[in-house]
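Now for the letters of each chain:
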Amino acid sequence: MAQVPGSTISKNGIMDSAGSLSPTQKRASFAYSNESRRRSVKAPDEGPFVKVRSVFDICKQVRGFVEMVSNVWSWTAATTTPFRMSLPGLVRVSVGIETFAVPGFLLQELENAADAPLFVPPWPTKASPSTPMSSGGYPSVTSSVSSSRVQDVRIQYSTPYFSQILLLVKMRWLLRLHCACCELDYRVCSLKNIILGMQYVVLQQYGDAECDNIFDTKVSQHIGSFLNLDSMFDDIVDQLHRSLGTSWRPFLDFVASCDPTKAVHASLIDSMRTPKVVPTDGLAVVIDTIFLANFLRQSMNCRASRLRDFHEDCRQFGIAALDFPPLHGARDLLAWAAARTKPTLANRSKVGKNETEKLAQLDAVLLAAALELASPEIIASASEVAEGKELSDEMSMLTSSLTDGHRGKRPSSPDSPGSTAGGPVGGRAIPKDRPVPAVAILEAAMGCIHHHDTFPTGIRERLYRILTEEFFLTRAQMQSLATASTQNIDGKRLSHSVLLHMVETEKSRLRQYRCDYFVDTSHCIAPPQVQSLSEHGKSPKYLKPPSLDITVGCRRPRARPNSSPASTGQRRRP
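These lines cover the structure that appears in this document, whether it is placed above or below. (Residues numbered from 1 in each chain as written. Predicted model: local features only at pLDDT ≥ 70, side-chain atom pairs only at ≥ 80, totals over all residues. Heavy atoms only, no water.)

## Overview of the packing of aromatic side chains
Piece 1. All chains considered together, the criterion is met by 15 aromatic pairs.
Piece 2. Ring centres of Tyr157 and Phe317 lie 5.8 Å apart, and the angle between their planes is 75°; on these two criteria the pair is classed as edge-to-face. Of this pair, Tyr157 sits in the loop between strand S6 (151-155) and helix H3 (162-185) while Phe317 sits in the loop between helix H8 (307-316) and helix H9 (331-341), and the two are 160 residues apart along the sequence.
Piece 3. Ring geometry for Tyr513 versus Tyr517: centroids 4.8 Å apart, planes at 40°, classification tilted. Pair noted here: Tyr513 and Tyr517 are both in helix H17 (residues 496-517), with a separation of 4 residues, about one helical turn.
Piece 4. The exposure class of Tyr513 is partly exposed, given its relative accessible area of 37%.
Piece 5. Ring pairs connect the aromatic residues Trp73, Phe105, Trp173, Phe233, Trp248, Phe251 and Phe254, which therefore count as one cluster.
Piece 6. Over the face of the ring belonging to Tyr200 we find Lys358, whose NZ or CZ atom lies 4.0 Å from the ring centre. (Phe/Tyr/Trp six-rings, centres within 6.5 Å; stacked < 30°, edge-to-face > 60°. Helix = DSSP H or I, 4+ residues; strand = E, 2+ residues; numbered from the N terminus. Buried < 20%, exposed > 50% of the residue type's maximum accessible area, 1.4 Å probe, protein only. Lys NZ or Arg CZ within 6 Å of the ring centre and 35° of its normal.)

## Describing the packing of helix H2 (residues 55-73) against H3
When two helices pack together, their arrangement is given by the angle between the helix axes and the distance between those axes.
Piece 1. For the pair H2 and H3, interaxial distance at closest approach is 10 Å and the crossing angle is 50°. The angle between H2 and H3 places the two elements in the oblique class. In the crossing of H2 with H3, the sense of the turn from one axis to the other is left-handed. Every residue of H3 that contacts H2 at Phe65, Val69, Val72 and Trp73 is listed here: Leu177, Cys181 and Leu184.
Piece 2. A per-class count over the contact of H2 with H3 returns 7 nonpolar, no polar and no charged. (Axes fitted to C-alpha atoms, helices over the stretch in contact; angles between N-to-C directions. Parallel < 35°, antiparallel > 145°, perpendicular 65-115°, else oblique. Left-handed = near helix turned anticlockwise from the far one by under 90°. Contact = heavy atoms within 4.5 Å. Nonpolar A, V, L, I, M, F, W, Y, C, P; charged D, E, K, R; others polar.)

## As for unusual backbone geometry
Excluding glycine, most residues fall at negative phi; most peptide bonds, likewise, are trans.
Piece 1. Positive phi is not limited to glycine here, since His328 has a value of about 60°.
Piece 2. Following the sequence through the fold, His328 ends up in the loop between H8 and H9.

## Section: a nonpolar patch on the surface
Piece 1. On the surface, a nonpolar cluster with roughly 230 Å² of combined accessible area is contributed by Leu494, Val498 and Met502.
Piece 2. When you line up the elements, Leu494 lands in the loop between helix H16 (475-486) and H17.
Piece 3. Residue classification places Leu494 among the partly exposed positions, given a relative accessible area of 43%. (Patch = residues over 30% accessible without salt bridge, like charges linked within 9 Å, V, L, I, M, F, W, Y side chains within 5 Å. Areas by Shrake-Rupley, 256 points an atom, 1.4 Å probe, with all protein chains shown as cover. Salt bridge = Lys/Arg side-chain N within 4 Å of Asp/Glu carboxyl O.)

## Let's talk about the environment of Thr80
Piece 1. One can find Thr80 in the loop between H2 and strand S3 (90-95).
Piece 2. By relative accessible area, which is 64% here, Thr80 ends up exposed.
Piece 3. For the pair Thr80 and Gly245, spaced 165 residues apart in the sequence, the C-alpha separation amounts to 5.6 Å.

## Considering the side chain of Gln205
Piece 1. Locating Gln205 in the fold gives a position in the loop between helix H4 (192-202) and strand S7 (207-208).
Piece 2. At a separation of 3.1 Å, a polar atom in the side chain of Gln205 contacts the main-chain amide nitrogen of Thr457.
Piece 3. Contact partners of Gln205, with chain neighbours within four places excluded, come to Ser225, Arg297, His452, Asp453, Thr454, Phe455, Pro456 and Thr457. (Polar contact = N/O pair within 3.5 Å; in protein donor to acceptor, adjacent residues only side chain to side chain.)

## As for the packing of H2 against helix H5 (residues 229-244)
Piece 1. Taken N-terminus to C-terminus, the directions of H2 and H5 make an angle of 30°; their axes are 10 Å apart at the nearest point. Relative to H5, H2 is oriented roughly parallel. Remark: the crossing between H2 and H5 carries right-handed chirality. In contact with Val55, Ile58, Cys59, Val62, Arg63, Phe65, Val66, Val69, Ser70 and Trp73 of H2, H5 contributes Met232, Asp235, Ile236, Gln239, Leu240, Ser243 and Leu244.
Piece 2. Tallied by class, residues from the contact of H2 with H5 come to 12 nonpolar, 3 polar and 2 charged.

Okay, structure coming up:
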């Protein structure tokens, strides 16, 4: 990404520009603190809402949010309307050879663009009564609520990242919607739980599942494990539009008039108190983190998958670059990985809380972004390179090999005695062209790549490709990364037959202990108290007495082998 004159790139990849370019919004210092980060990754369970742990929980909260907004808005405006299938106010945006259907109210975020106009109006210069225009010359973002007419807009700057830019605009419009709904009634119409729940789901690879077996995985690999941000935004807008009815246009005007940097917390419950003005810096950082995680989860083989190029296109459109929390050396990820791989008492005491795994998943996203943007925090210092003997030896071997090749000397064979060549000339890249990652950063990346069920697949693949293609690593480090990418240390590490053999061996040991020491161990051999659906509500079978076949009357004599009922004097049963 070519750097613009007069602009600088900060440590977390945010571009601060001067002049006519739109600068990145400055956040308060508490938005990046550890306490704010811990609060943002917790499963939201405030008030009567359920905990958000999957996509289905988010959908439930969206339905409740739409009902609350419709109820509060209907106090002062009519919300009745006939049912219709079309969503009014759509704009057909043409970017190169691609075409996107965009809600007109989203163009408000793109009106403050650079000096050169990005929109080429195909409509007449004089607005006709059938084509409402805004004050800036763009199509009216709030057309008639009963009109399904689609307007055409063409963008001069062609970019493959427009779909991602549009998604970022949608996510940031949710923050504006949150501020508007908090002004209605922040106790029942807030979007805070939904935004925090979206971050909780987008950071994970699989959803959580309840399990009482220590040998089974406690994740659900097929239910609520993937969040589509485009579909979620369209669902929220569609439900609001159908619920508000004829008040959809006034509601959009009200949302457009709100400031997304602050929210007025007003409520009828607190009618005797003065409404408070609360900054939304924390939620703004959470929204950018949600988009960052969704962007980095896609495969690097896609056409638009480079974070640097995305920041450059955001600058062209006059949109503020992503503002996400700093990495802080991936401390949470290192502590969580150490507690999982080396479960000592000291390591387990550091990660005793439930949100530690979410903090590790957040660090994995920030680590992938810092590596792709080549942040100075992840580069090894000169002292670390000097202390690493293996790294220093390999770099000196490659340097001497390249020097001999430039002088016309034939590199010595690696098998010859006294050879210092690390391979043929050009077999590996020149060390000075590739930065060396810090030791702690490399350990954190390996810990992330090793756990396949905890961290998203796209994040792990991106970490592996960036480290192997853009950084200088030793052969041992390359082998460790290759092993981590193919070996999953989450879940079951033993085969099913080995686990069954362990269970049967332990049961035999308990029975032998009972015979040797006359101690009752039946409660340890009994199955768990988790029953099937047909046995739900009944007492466990091991608490019932054994069934006995008791015959009323005289005891029936046992039949001899090879004897018929007639020979024994018994009557044949019917």
